[in-house]
Amino acid sequence: MFQLANTWPRYRGRTQRILAAYRVFLENPTEGLHPQQVARRTGMSMMTAAALLEGVPDLFVKLPKRDGLTRYRLNSRTTAADPEEIEAFVLRSARREGWVLYAGLAMVLLGVLMVVLLMRAS
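Residues numbered from 1 in each chain as written. Predicted model: local features only at pLDDT ≥ 70, side-chain atom pairs only at ≥ 80, totals over all residues. Heavy atoms only, no water.

Structural notes on a nonpolar patch on the surface
Line of reasoning, step 1. Nonpolar side chains collect at one region of the surface, where Trp-99, Tyr-102 and Leu-105 lie side by side and expose about 400 Å² of accessible area between them.
Line of reasoning, step 2. Here Leu-105 shows up in helix α6 (residues 83-121). (Patch = residues over 30% accessible without salt bridge, like charges linked within 9 Å, V, L, I, M, F, W, Y side chains within 5 Å. Areas by Shrake-Rupley, 256 points an atom, 1.4 Å probe, with all protein chains shown as cover. Salt bridge = Lys/Arg side-chain N within 4 Å of Asp/Glu carboxyl O. Helix = DSSP H or I, 4+ residues; strand = E, 2+ residues; numbered from the N terminus.)

Quick word on a positive patch on the surface
Line of reasoning, step 1. Together, Arg-77, Arg-92, Arg-95 and Arg-96 make up a positively charged patch on the protein surface.
Line of reasoning, step 2. A total of 3 residues in the positive patch trace back to one element, the largest contributor, which is α6.
Line of reasoning, step 3. Within the element layout of this structure, Arg-95 appears in helix α6. (Lys, Arg positive; Asp, Glu negative; His and termini not counted. Charge placed at Lys NZ, Arg CZ, Asp CG, Glu CD.)

What about the environment of Ala-88?
Line of reasoning, step 1. With respect to the helices and strands, Ala-88 occurs in helix α6.
Line of reasoning, step 2. The exposure class of Ala-88 is partly exposed, given its relative accessible area of 35%.
Line of reasoning, step 3. For the pair Ala-88 and Asn-28, spaced 60 residues apart in sequence, the C-alpha separation works out to 21 Å. (Buried < 20%, exposed > 50% of the residue type's maximum accessible area, 1.4 Å probe, protein only.)

Considering the nonpolar core
Line of reasoning, step 1. Residues Tyr-11, Ile-18, Phe-25, Val-38, Leu-59, Phe-60 and Val-90 are the most contacted members of the largest nonpolar core, which totals 24 residues.
Line of reasoning, step 2. Elements supplying a minimum of two residues to this core: α2 (15-27), α3 (35-42), α4 (46-55), β2 (72-74) and α6.
Line of reasoning, step 3. The leading source of residues in this core is α2, at 6 residues.
Line of reasoning, step 4. If near-sequence neighbours (up to four positions away) are discounted, Leu-59 is found in contact with Ile-18, Arg-73, Leu-74, Asn-75, Arg-77, Thr-78, Ile-86, Phe-89 and Val-90. (Core = buried A, V, L, I, M, F, W, Y, C linked by side-chain atoms within 4.5 Å. Contact = heavy atoms within 4.5 Å.)

Observations regarding the pattern of salt bridges
Line of reasoning, step 1. Taken as a whole, this structure holds 2 salt bridges when the rule is applied.
Line of reasoning, step 2. Between Arg-10 and Asp-58 there is a salt bridge whose closest N-O contact spans 3.1 Å. Pair noted here: Arg-10 is in the loop between α1 (2-7) and α2 and Asp-58 is in the loop between α4 and β1 (60-62), with a separation of 48 residues, a long-range link.
Line of reasoning, step 3. In this structure, Lys-62 engages Glu-54 in a salt bridge whose closest nitrogen and oxygen atoms are separated by 3.2 Å.
Line of reasoning, step 4. With relative accessibility at 45%, the residue Lys-62 sits in the partly exposed group.

Remarks on the packing of α2 against α4
Line of reasoning, step 1. For the pair α2 and α4, interaxial distance at closest approach is 11 Å and the crossing angle is 85 degrees. Considering the angle they form, α2 stands roughly perpendicular to α4. Contacts between α2 and α4 involve Arg-17, Ile-18, Ala-21 and Phe-25 from the first element and Thr-48, Leu-52 and Leu-53 from the second.
Line of reasoning, step 2. Looking at the contact of α2 with α4 residue by residue, the class counts come to 5 nonpolar, 1 polar and 1 charged. (Axes fitted to C-alpha atoms, helices over the stretch in contact; angles between N-to-C directions. Parallel < 35°, antiparallel > 145°, perpendicular 65-115°, else oblique. Nonpolar A, V, L, I, M, F, W, Y, C, P; charged D, E, K, R; others polar.)

This is the structure we're talking about:
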């Protein structure tokens with residue numbers, strides 16, 4: 001349950017950071033990058049970059065540790081795709097998460113409204 005709270009929403013509100021990290025990996029396609037390298041090149045904190053890379057396995061894959069450092073790369077599907085496709089994917093995923101959030105809020109609101117109506121009817 002706590003894992004879900006840390007990873008959802010993965011895209012909503014983070015699209016610019018995700019795309020900035022993606023562009024850093026496009027500039028360095030052959031090397032695995034440490035979150036500190038991504039943070040330095042994008043201007044975000046290292047903890048934010050590490051959480052971002054860990055939280056979006058659809059785009060970034062964790063490499064086995066060497067020298068005690070965790071590195072990330074683009075996954076094979078992301079490497080083969082056009083940058084426009086990846087940008088559209090990220091924006092579409094953020095929009096989908098927004099709709100899921102709004103649907104959940106609407107269900108909670110309707111549930112409360114049903115309880116209130118049932119209490120008034122009795």
